[in-house]
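What follows is the residue order along each chain.
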Amino acid sequence: MSGTGKTKWVLLALLFFSTVINYLDRQALSILATTIQADLKMTDLEYARVVQVFLFAYAAAYVMAGRVTDWLGARVALLLFVGWWSLANIATGFVRSAVELGAARFALGLGEPGNYTVGTKVVSEQFPAPQRGLALGLYTAGAMIGATLAPPLIGGIALTYGWRSAFWITGVAGLLWMLAWWWAYPRTAQVPAGTPQAEAAAAAGASATPGLEPPVPAAPPISMKGVWGRLARDRTVWALVASRAVADPVWYFYLFWFPKYLGDARGMSLAMIASVAWIVYVAADIGSVGGGLISGRLVKRGMHPVRARLTTMVGAACLAPVGLFVAMHPPIPLLLALACVVTFAHLTYQINLTTMTVDLFPSRYIASVAGLVGCGSALGGMVSAQVVGHLVADGNFDRAFVLMAFLHPIAVLLAWTALKQARRSKMTLIGPQAAAVAAG
């Protein structure tokens, strides 16, 4: 099932902006942490607990966000998620203690994963296989744009109107966005999951996808009531979850620890870090869009869609380990170049893993699968934060860079395992022969 030419790109543009808002709301706390700690008289330990509460809620909610998305449909579900996290962000501007701040950020964590489960479902429903990688890359790029815009925008609002206003204004932006989504999303696209119409649409979409076989005829339609248990037992799903959990700590490391490395280990001032660190995240943006374009081009040349994603992921996994050379303390220009290669490679990998998931599973429960995979990402980030913290406790970041260099090769082996498992799965769109071709 693909959308009309104009509508699907309008929806993609709105998803891009919701992702920008998502990251602005998420990063507002970290940007204003020092100011908020002083105002609320919070210790560093209390602040760390607030961050952990958000991450715990974010990881747990990812699973249910996918289920809710498949149950309500993309249009209604994203209205619910954006409304929830926007109100939570506004509530952050009213807190008076560390406990209240933790409760507000816990609520934010419950809502934010829905942006990505809905985005995956919209791409699955609206875009054909050759365009899916690009579509996912474009809206995911909103996260990098949000990360780039957050420091000057949030900081500027806080300096002008006070730190509480930064949460109120960005929260209201989300509520205004909801009006555009409600108006733009076609009501006729909402087909209740599990109905004969939804099953027929999914089958038709699979048949129309170049290189994909239709679902195995012997497999009866699966009601949404039974989907959760079936997915939980599907080895393809868990191989994809494991691949994302292993790969994503690399991104979390470069997002949260690389600026600190520049200051602590390379002696750069805050002003210097602010003037150069953004380059690394621009490279991630290029990987987000470029990674989708690369696999899409391979599909247009006749390669099986799933194999095109895996081929691109293998290339990215071969590039990412160059981060190992950061441990050799190269000059700053070469250091930044190496970091750019790693972030470019990771986003290329991440986009194609997500696109491969869309290729493998029907749109009627794709958000549930995306929720499980996203939960793997969040859990991987939580574990890696603890590990990296121990590795760099004495200011020695070298061991962390060495560890990160090995993760993508392991992750791509897990993704390849997912395709091997797909030939035995009754939940995926491709049959045994296509799975064998895709896995190479």
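Keep in mind the model is a prediction, meaning the values are calculated, not measured. (Residues numbered from 1 in each chain as written. Predicted model: local features only at pLDDT ≥ 70, side-chain atom pairs only at ≥ 80, totals over all residues. Heavy atoms only, no water.)

1. Quick look at the pattern of salt bridges
Consideration 1: Taken as a whole and assessed by the stated rule, the structure comprises seven salt bridges.
Consideration 2: Taking the shortest distance from any N to any O, the salt bridge between K121 and D70 comes out at 2.8 Å. Pair noted here: K121 is in helix α6 (residues 114–126) and D70 is in helix α3 (residues 44–72), with a separation of 51 residues, a long-range link. Of the two residues examined, K121 and D70, each falls in the buried class.
Consideration 3: Residue E125 pairs with K121 through a salt bridge whose shortest N-O separation is 3.9 Å. One end of the pair is E125 and the other is K121, both in helix α6 and four residues apart, which spans about a single turn.
Consideration 4: Three or more residues are tied together by salt bridges with common partners; here these are D70, K121 and E125. (Salt bridge = Lys/Arg side-chain N within 4 Å of Asp/Glu carboxyl O. Helix = DSSP H or I, 4+ residues; strand = E, 2+ residues; numbered from the N terminus. Buried < 20%, exposed > 50% of the residue type's maximum accessible area, 1.4 Å probe, protein only.)

2. Quick look at the packing of aromatic side chains
Consideration 1: Counted under the stated rule, the structure contains 16 aromatic pairs.
Consideration 2: Judged by centre distance (5.1 Å) and plane angle (50°), the rings of W181 and Y185 are tilted.
Consideration 3: Judged by its relative accessible area of 0%, W181 is buried.
Consideration 4: Summarising the aromatic geometry, the rings of F253 and Y254 are spaced 5.4 Å apart at their centres and angled 90° between planes, so their arrangement reads as edge-to-face. Each of the two residues, F253 as well as Y254, counts as buried.
Consideration 5: Cluster of aromatic residues (ring-pair linked, three or more members): F253, Y254, F258, Y261, F397 and F401. (Phe/Tyr/Trp six-rings, centres within 6.5 Å; stacked < 30°, edge-to-face > 60°.)

3. Examining the packing of helix α11 (residues 235–256) against helix α16 (residues 332–360)
Consideration 1: Where α11 meets α16, the closest approach of the two axes is 10 Å, and the angle between their N-to-C directions is 160°. With respect to α16, the axis of α11 lies roughly antiparallel. Classified by chirality, the crossing of α16 by α11 is left-handed. Touching T236, L240, S243, R244, A247, D248, V250, W251 and Y254 of α11 are A339, V342, T343, H346, L347, Y349, Q350, L353, T354, M356, T357 and L360, all from α16.
Consideration 2: A per-class count over the contact of α11 with α16 returns 12 nonpolar, seven polar and two charged. (Axes fitted to C-alpha atoms, helices over the stretch in contact; angles between N-to-C directions. Parallel < 35°, antiparallel > 145°, perpendicular 65-115°, else oblique. Left-handed = near helix turned anticlockwise from the far one by under 90°. Contact = heavy atoms within 4.5 Å. Nonpolar A, V, L, I, M, F, W, Y, C, P; charged D, E, K, R; others polar.)

4. Brief notes about unusual backbone geometry
Consideration 1: Backbone geometry places K41, a non-glycine residue, at a positive phi of 55°.
Consideration 2: The residue K41 is located in the loop between α2 (33–40) and α3 in this model.
Consideration 3: Overall, the relative accessible area of 70% leaves K41 in the exposed class.
Consideration 4: Despite not being glycine, H329 shows a phi value in the positive range, around 55°.

5. Considering a nonpolar patch on the surface
Consideration 1: Together, L324, F325, M328, V402, F406 and I410 make up an exposed nonpolar region whose accessible area comes to about 570 Å².
Consideration 2: With respect to the secondary-structure elements, F406 resides in helix α18 (residues 398–422).
Consideration 3: Classification of F406 as exposed rests on a relative accessible area of 51%. (Patch = residues over 30% accessible without salt bridge, like charges linked within 9 Å, V, L, I, M, F, W, Y side chains within 5 Å. Areas by Shrake-Rupley, 256 points an atom, 1.4 Å probe, with all protein chains shown as cover.)

6. Thoughts on the side chain of T354
Consideration 1: Examined against the element boundaries, T354 turns out to sit in helix α16.
Consideration 2: By relative accessible area, which is 16% here, T354 ends up buried.
Consideration 3: When near neighbours in sequence (up to four residues on either side) are disregarded, T354 contacts T120, L136 and R244.

7. Brief notes about the side chain of E112
Consideration 1: With respect to the helices and strands, the residue E112 is situated in the loop between α5 (98–111) and α6.
Consideration 2: Among the residues examined, E112 registers a relative accessible area of 0% and is labelled buried.
Consideration 3: Each residue touching E112, except ones within four places of it in the same chain, is listed here: N22, D25, R26, F54, Y58 and W85.

8. Examining the nonpolar core
Consideration 1: Ranked by size, the top nonpolar core spans 105 residues in total, and within it W181, F253, F258, Y349, M356 and F361 carry the most contacts.
Consideration 2: Among the elements that make up this core, the one with the highest residue count is α16 (14 residues).
Consideration 3: Sequence-distant contacts of F258, defined by excluding residues within four places in its chain, comprise F253, V280, L335, L336, A339 and F401.
Consideration 4: With 22 residues, the next largest nonpolar core counts I36, M42, A158 and F167 among its residues. (Core = buried A, V, L, I, M, F, W, Y, C linked by side-chain atoms within 4.5 Å.)

9. As for the environment of M313
Consideration 1: With respect to the helices and strands, the residue M313 is situated in helix α15 (residues 305–319).
Consideration 2: Of the residues examined, M313 reaches a relative accessible area of 0% and is grouped as buried.
Consideration 3: Spatially, the C-alpha atom of M313 lies 9.8 Å from that of W416, the residues being 103 residues apart in sequence.
Consideration 4: Among residues more than four places away in sequence, those in contact with M313 are Y349, N352, L353, M356, V412 and A415.

10. Focus: the environment of D359
Consideration 1: Along the chain, the position of D359 falls in helix α16.
Consideration 2: Separated by 54 residues in the primary sequence, D359 and P305 have C-alpha atoms spaced 7.1 Å apart.
Consideration 3: Side-chain polar atoms of D359 contact the side chain of R309, separated by 2.7 Å. (Polar contact = N/O pair within 3.5 Å; in protein donor to acceptor, adjacent residues only side chain to side chain.)

11. Thoughts on the packing of α6 against helix α17 (residues 366–391)
Consideration 1: Put simply, α6 and α17 touch, their axes get as near as 8 Å, and they point 140° apart. The orientation of α6 relative to α17 falls into the category oblique. As for how α6 packs across α17, the hand of that crossing is right-handed. Here T117, T120, K121 and S124 of α6 lie close against α17, whose contacting residues are I366, A367, A370 and G371.
Consideration 2: For the contact of α6 with α17, the class distribution of residues is three nonpolar, four polar and one charged.

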